[in-house]
Amino acid sequence: MTDFEGIDEIVENANAVQLVFHVRRDWLADADAAYDEVRRKADACRRFLVSPAFKERFGMKPGSLMMKASRQPPADVMEEMARLGADVMVGNLPFLGETAAPTANCMICGRAGFQPNLMSMTDHGLTCPTCFNAWSMRANSTSFGSSYGLSSWQWARIVIAVSVLFIGFMLRVCT
Ligand SMILES: [Zn+2]
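K.L.:
Can you help me understand the overall build of the chain in this one?
P.N.:
Looking only at helices and strands, the chain features 5 helices and 6 strands. The order of helices and strands in the chain, counted from the N terminus, is β-β-α-α-β-α-β-β-β-α-α. Counting the 175 residues in the chain, one finds 14% classified as buried. If you take every contact in the chain between residues at least 6 apart in sequence, the share linking residues at least 24 apart comes to 41%.

Structure below.
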């Protein structure tokens, strides 16, 4: 959501500004409302694009429109968007009435927005795939370390070997 009625996102990068509006309605079952929404929001974006407020906020950066839609828009809407020079992105927006799938935060890197079924449990809590890989590699290397490290039995053998050499050396010195 932005301060501007009808504009759902404003995406600004170093060179340009994109005004994004969402249409989450069904183009067939809810056609009137969907067409009304796309017209209203596209108008609002275009008005803002040519307004002094846009120039004041973004200077000389060129602006463009993007529609994000829950469902593939019909051909006439696609044509209209092409005429406006608007990009169209379909499918990454939950359909109206559906809630977005719950997402979780990674307990290691803190990034948000992961699907819980893609996450893995570690001793830090739920983690994203990247952190889980790093964590499991660390866990493996730790267990390698303990299995290839010196156990108490190996230490005992070293102590015995050194003692034998020492005794042998002492015997040679003393005789
Ligand atoms: Zn992470």
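Next comes the rest of the description.
K.L.:
Would you mind going over the environment of Ala14 with me for this structure?
P.N.:
Along the polypeptide, Ala14 turns up in the loop between strand E1 (9-12) and strand E2 (17-23). Note: C-alpha distance between Ala14 and Lys61 (47 residues apart in sequence) is 8.5 Å.

K.L.:
I'm lost on the nonpolar core in this one. Help?
P.N.:
Within soluble globular proteins, side chains that are nonpolar tend to cluster in buried spots. Ranked by internal contacts, the top residues of the largest apolar core, which has 15 residues, are Leu19, Phe21, Val38, Ala42, Cys45, Leu65 and Met67. Among the secondary structure elements, those contributing two or more residues to this core are E2, helix H1 (31-49) and strand E3 (63-69). The element contributing the most residues to this core is H1, with 5 residues. When sequence neighbours within four positions are dropped, the list of residues in contact with Leu19 reads Ile7, Ile10, Cys45, Phe48, Leu49, Gly63 and Leu65.

K.L.:
Help me out: how do you make sense of the environment of Gly63 in this one?
P.N.:
By secondary structure assignment, the location of Gly63 is in strand E3. Overall, the presence of 18 C-beta atoms within 10 Å leaves Gly63 in the partly exposed class. Sequence-wise, Gly63 and Val11 are 52 residues apart; in three dimensions their C-alpha atoms are separated by 9.7 Å. Not counting the four nearest positions on each side in its chain, Gly63 is found in contact with Val17, Leu19, Leu49, Phe54 and Phe58.

K.L.:
Is there a simple way to explain the pairing of E1 in this structure?
P.N.:
In the case of a regular strand, side chains alternate between the two sheet surfaces. For E1 and E2, the ladder comprises 4 bridges, and the chain directions are antiparallel. Looking at the pairing, Glu12 lines up with Val17 of E2. Hairpin connection between E1 and E2: a loop of 4 residues separates the two successive antiparallel strands.

K.L.:
What is the right way to look at the confidence of the model for the chain in this model?
P.N.:
Detailed reading of the predicted model is not advised wherever pLDDT is low. For the chain, the average pLDDT comes to 85, and 86% of its residues sit at 70 or higher. Of all the helices and strands in the chain, helix H4 (residues 129-148) carries the lowest mean pLDDT, 74, while H1 carries the highest, 95.

K.L.:
Whenever I open this one, the sheet that holds strand E4 (residues 87-90) confuses me. Can you help?
P.N.:
Spatial ordering of the open sheet is given by E1-E2-E3-E4, a layout of 4 strands whose pairing is mixed. Looking at which strands have only one partner, the edges of the open sheet turn out to be E1 and E4. If you compare each strand with its neighbour and ignore which way they point, the axes differ by 25 degrees on average. In this structure, E2 lies alongside E3, joined through 7 bridges in parallel fashion.

About the criteria used
Residues numbered from 1 in each chain as written. Predicted model: local features only at pLDDT ≥ 70, side-chain atom pairs only at ≥ 80, totals over all residues. Helix = DSSP H or I, 4+ residues; strand = E, 2+ residues; numbered from the N terminus. Buried ≥ 20, exposed ≤ 12 C-beta atoms within 10 Å, placed from the backbone. Contact = placed C-beta atoms within 7 Å. Core = buried A, V, L, I, M, F, W, Y, C linked by C-beta atoms within 7 Å. Pairing = 2+ DSSP bridges. pLDDT = per-residue confidence, 0-100. Axes fitted to C-alpha atoms, helices over the stretch in contact; angles between N-to-C directions.

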